Amino acid sequence: MTADQRRNTLPVRNPRTGEVDYHITPPTAEEVAAKTKAMRAAQVDWAAAPIEHRAAVLKKWADAVEKNRAAITKAESADTGRYRIAKESPDAVIWGARGWADKGPEIVKKAMLEGTSTIMPHIKFRSQLKAYPLLGVISPWNFPLMLSTIDAIPALLAGSAAIIKPSEVTPRFVEPMMETIQTVPELAKVLTYVVGGGETGQHVIENVDIVCFTGSVPTGRKVAEACARRFIPSFLELGGKDPVIVTENADIEAATDAVLRGSVYATGQICFSIERVYVQEKIHDAFVDKLVAKAEQLELNYPDIHRGHIGPFIFGKQAAVVDEQLDDAVKRGAKIRTGGKSQNLGGGLYMRPTVLTDVTHDMKVIQDETFGPVIPVMKYKTKAEAVKLANDTIFGLSGAVIAGSDEEAYELGSQIDAGGISLQDTTLTGAILRDAEKTSFNFSGMGGSRMGPASIMRFYRKKALMTNTLKPQDMREIRELPAA
Ligand code: NAD
């Protein structure tokens, strides 16, 4: 390691112990530029090959990830302080690559149009798709492997190369993932990870043709601005403050199950976690009692990572953000019905599922993204009021409705201003990954859908090649007209 590199080494905290037990050395700007130059050169052959070839290479990668599952799980578990989700994380590539490899070619074929102009029938046209040469992915810490590959896989299939910069908070999984990439030589030329923080993110933006960013609103704005300066497209998947509406006729048992899981799964560190619960006043008290009883049955995964339901905060500073929201809420009159502020256990920062009532829309816990296992519950009288409250936010990522019937849920869900609406349950967005499209409202994002057919089609520039089947028009015949 050179002296310069040592100076730039970044410490990485372990979320279970609070200790720094890992370091990363970000590449210099020149190193990122050199890497991306080589990737661009290799991308030419990658894009020229038939899509079926790329699909086959992605399937080989899926096999390699499957073989290295234990090492990846171990690293991501150390990154995140949780085991179950870390164990499932390699499936993002295993099933993601296999699934897109099977479905993608058909989607691309359908987008290739050929025909005759409806305006000028003597003009025939054919479309051509040209992949953006190099995608830059910048991803967050809450689902390190999954969110680093969710956009890269369809981009690779489209014919782009991809350079991924995951969060500096959770970089341990990169080593075993790079091992998997190295076992597939065709892929290793067009796919790589670089570790580092915001500065490395900026180096990536300076060297790519298109950016997929997942993270917070303030960073998303910086990324979009940097991309705009370079005139390259940016796709932003940002924060959320997802509401759920529970109607008078909802099944309280099912509703409390859905709300609890949707709010505290992964310690609430999911962009589309449920963060606001609006319950019709007639069932409010029964709903809250049941929710509190169920929340109290959940356990922390401390001291044994293989037991319990709720892991530590991955990012230490997030605990302080959530604590501050709880203080603000209590100061303004909210009641903590169960749970409470974060606790330091063995150096890790944990929070029990925390149910709040008597909340109002002037509280930070209702206005700001929480990213913790907090469930603020509010009463409403009419459905119109519930929709108004659900839409009173700067975000618009997703939402949910649990009602007495599917039709009632659909009717209310169609009035919520957000991209993914779960009906009769919460947090169903992942299910439509390869099937349906959704875009964000307001500050929750920008750009096309990362789901459904658009997921692949985002990575193409679209060309149209037009042929005139008659003689070209003679300019000398295009004279000015006499006055009418
Ligand atoms: P963050 O914005 O702090 O960081 C995200 C990434 O951006 C990291 O890799 C970071 O190193 C990088 N970065 C920081 N500054 C940069 C800069 N100036 N230029 C380029 N890159 C820079 O977000 P986070 O704290 O890691 O993640 C949590 C946030 O992510 C939450 O707001 C959450 O809602 C959001 N998120 C959204 C989705 C979604 O799909 N909409 C999914 C998961 C998480």
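Residues numbered from 1 in each chain as written. Predicted model: local features only at pLDDT ≥ 70, side-chain atom pairs only at ≥ 80, totals over all residues. Heavy atoms only, no water.

**A word on the site of the ligand**
The environment of the ligand is formed by 29 residues, the closest being Ser139, Glu168, Ser216, Leu238 and Glu369. Lys165 is positioned such that a nitrogen or oxygen atom in its side chain is 2.9 Å from an oxygen atom of the ligand. Protein contact buries 89% of the 850 Å² of open area that the ligand shows by itself. Here the ligand is seated within the largest pocket. Counting residues per element, the ones that place at least two in the shell around the ligand are helix 11 (198-207), strand 8 (210-214) and helix 12 (217-230). Of the residues in the shell around the ligand, the class split is eleven nonpolar, twelve polar and six charged. Residues lining the shell around the ligand come from more than one domain, with at least three contributed by each of domain 1 (3-238 + 440-466) and domain 2 (242-432). (Near = heavy atom within 4 Å. Polar contact = N/O pair within 3.5 Å; in protein donor to acceptor, adjacent residues only side chain to side chain. Areas by Shrake-Rupley, 256 points an atom, 1.4 Å probe, with all protein chains shown as cover. 1 Å grid on protein atoms, 1.4 Å probe; cavity = no way out; pocket = protein on both sides within 12 Å on 5 of 7 lines; lining within 4 Å. Sits in = over half its atoms within 2 Å of the grid points. Helix = DSSP H or I, 4+ residues; strand = E, 2+ residues; numbered from the N terminus. Nonpolar A, V, L, I, M, F, W, Y, C, P; charged D, E, K, R; others polar. Domains from an automatic or database assignment.)

**A short note on the sheet that holds strand 17 (residues 398-402)**
Ordered in space as 12-15-16-11-10-17-18, the seven strands form an open sheet in which the pairing is mixed. Where the open sheet ends on each side, the last strands, each with one partner, are strand 12 (335-338) and strand 18 (420-423). For this sheet, the mean angle separating the axes of adjacent strands, direction not counted, is 25°. Sheet topology note: the strand 15 (residues 354-357)/strand 16 (residues 374-380) ladder contains three bridges and is parallel. Residue pairing in the sheet places Val355 in a bridge with Ile375 of strand 16. (Pairing = 2+ DSSP bridges. Axes fitted to C-alpha atoms, helices over the stretch in contact; angles between N-to-C directions.)

**Regarding the side chain of Asp151**
Relative to the assigned elements, Asp151 resides in the loop between helix 7 (144-149) and helix 8 (152-158). Among the polar contacts made by the side chain of Asp151, one reaches the side chain of Arg450 at a distance of 2.9 Å. Leaving out residues up to four positions away in the same chain, Asp151 has contacts with Leu135, Cys212, Thr214, Arg450, Arg458 and Phe459. (Contact = heavy atoms within 4.5 Å.)

**Looking at the pattern of salt bridges**
Counted according to the given criterion, the structure contains 30 salt bridges. Residues Asp289 and Arg337 are paired through a salt bridge, measuring 3.4 Å at the closest nitrogen-oxygen approach. Linking Asp289 in helix 14 (residues 281-296) with Arg337 in strand 12, this pair joins segments that are 48 residues apart in sequence. Of the charged contacts in the structure, one is a salt bridge between Asp328 and Arg332, with a shortest N-O distance of 2.9 Å. (Salt bridge = Lys/Arg side-chain N within 4 Å of Asp/Glu carboxyl O.)

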